[in-house]
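As a plain string of letters, each chain reads:
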Amino acid sequence: MPIPPLCPELSALEEWLDSPLLAGKAMPTDKLHGFLCAVVSAPDAIPSSRWIPEAMGGEPGFESVEQAKEFAALLVEFYRHVAAALAENQPPTLILKARSETDQRLDYETWCNGYILGWSLSTEEWLRRGNEPLTKLTFPLMLLSGAFKEGAEAKGEAFMPEEEYARVQQECTAALPMAVAGIHDFWRARRKAVPVTRGAPKVGRNDPCPCGSGKKFKQCCGKARTVH
């Protein structure tokens, strides 16, 4: 599947990710896209010092400082474009690849696993009580990643029949872009500045001064330059 033109530098970045220096270590483009969608959407600011090593799979042995700078610049630019796309309040265009050379179905599992890895870098508990709308939004991610099926199998429990599973997977692939946008909007609404509230009622000018002097506030601490 052709890569959507998310940013002009994407082709150059993919060449780096597929290079012998990074192949097998750094995230492939589809997993990286899912990963950065979560990093950008997180309620807490995840610094580049945390997410870049995860994306690169450690510390690659670059041949020069210039090489390292070139790659880092492409990676940060990709991050900025992901952030800009999510800020548009529209379902993002997901970067998806084929499952394999012989299986050309789109690999949603890799994308979703990248998202969940980015989500795990957040120090905020996403699915705590009170975040039920967010739990619903993360359902397509969790199902398409295989987490639900693996969890049931690990407990020795029967999962849903294959025919039903295929149907639910199809529904989740259709809902995934909207869910990703919804998660971003959910956290963005909670990142807005909270109005500052006073810790105690405002003291009236004719009220007793809270310093305990026995005088009215206007005759004590309410007067200019009065200090206790």
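Residues numbered from 1 in each chain as written. Predicted model: local features only at pLDDT ≥ 70, side-chain atom pairs only at ≥ 80, totals over all residues. Heavy atoms only, no water.

A. Geometry of the overall build of the chain. Across its full length, the chain holds eight helices and zero strands. Looking at the chain as a whole, 36% of its 228 residues are labelled buried. Contacts spanning at least 24 positions in sequence make up 65% of the contacts within the chain whose residues lie at least 6 apart. Approximately 13600 Å² of the chain is accessible, and the part contributed by carbon and sulfur atoms is 53%. (Helix = DSSP H or I, 4+ residues; strand = E, 2+ residues; numbered from the N terminus. Buried < 20%, exposed > 50% of the residue type's maximum accessible area, 1.4 Å probe, protein only. Contact = heavy atoms within 4.5 Å. Areas by Shrake-Rupley, 256 points an atom, 1.4 Å probe, with all protein chains shown as cover.)

B. How the structure looks around helix α6 (residues 132-144). Compared with an ideal rise of 1.5 Å per residue, which puts 13 residues at 18 Å, α6 spans 19 Å between its outermost C-alpha atoms and is within 8% of the ideal. Along α6, the largest kink reaches about 40° and is centred on T138; proline P140 follows within four residues of it. Those residues of α6 that are buried are in contact with α5 (108-120), α7 (147-154) and α8 (162-191). Downstream of α6 by a residue or two, G146 has a phi angle that is positive, lying close to 90°. (Expected span 1.5 Å × (residues − 1). Bend = angle between axes of the 7 residues up to and from the residue.)

C. Structural context of the side chain of S19. Mapped onto the secondary structure, S19 falls in the loop between α1 (10-18) and α2 (29-41). Exposure remark for S19: the relative accessible area of 15% places this residue in the buried category.

D. Examining the environment of V168 more closely. Along the chain, V168 falls in helix α8. Given the relative accessible area of 10%, V168 is considered buried. V168 sits 25 residues away from L143 along the chain, and the two C-alpha atoms are 8.5 Å apart. Aside from chain neighbours lying at most four places away, what touches V168 is F139, L143 and M160.

E. Molecular detail of the environment of Y79. Within the element layout of this structure, Y79 appears in helix α4 (residues 65-86). Residues Y79 and L36 lie 43 residues apart in sequence; the distance between their C-alpha atoms is 6.4 Å. Excluding anything up to four places from it in sequence, Y79 contacts L36, V39, V40 and W51.

F. Quick look at the packing of aromatic side chains. By the definition in use, this model includes eleven aromatic pairs. On the numbers, 6.0 Å between centres and 40° between planes, the contact of F62 with F71 is tilted. Considered together, F62 and F71 belong to a single accessibility category, that of buried residues. Where W119 meets W126, the ring centres are 5.0 Å apart and the plane angle is 20°; that geometry is what we call stacked. Taken as a pair, W119 and W126 share a single burial class, namely buried. Grouping aromatic residues by their ring pairs yields a cluster made of W111, Y115, W119, W126, F186 and W187. The ring of F186 carries the charged tip of R190 above its face, separated from the ring centre by 3.7 Å. (Phe/Tyr/Trp six-rings, centres within 6.5 Å; stacked < 30°, edge-to-face > 60°. Lys NZ or Arg CZ within 6 Å of the ring centre and 35° of its normal.)

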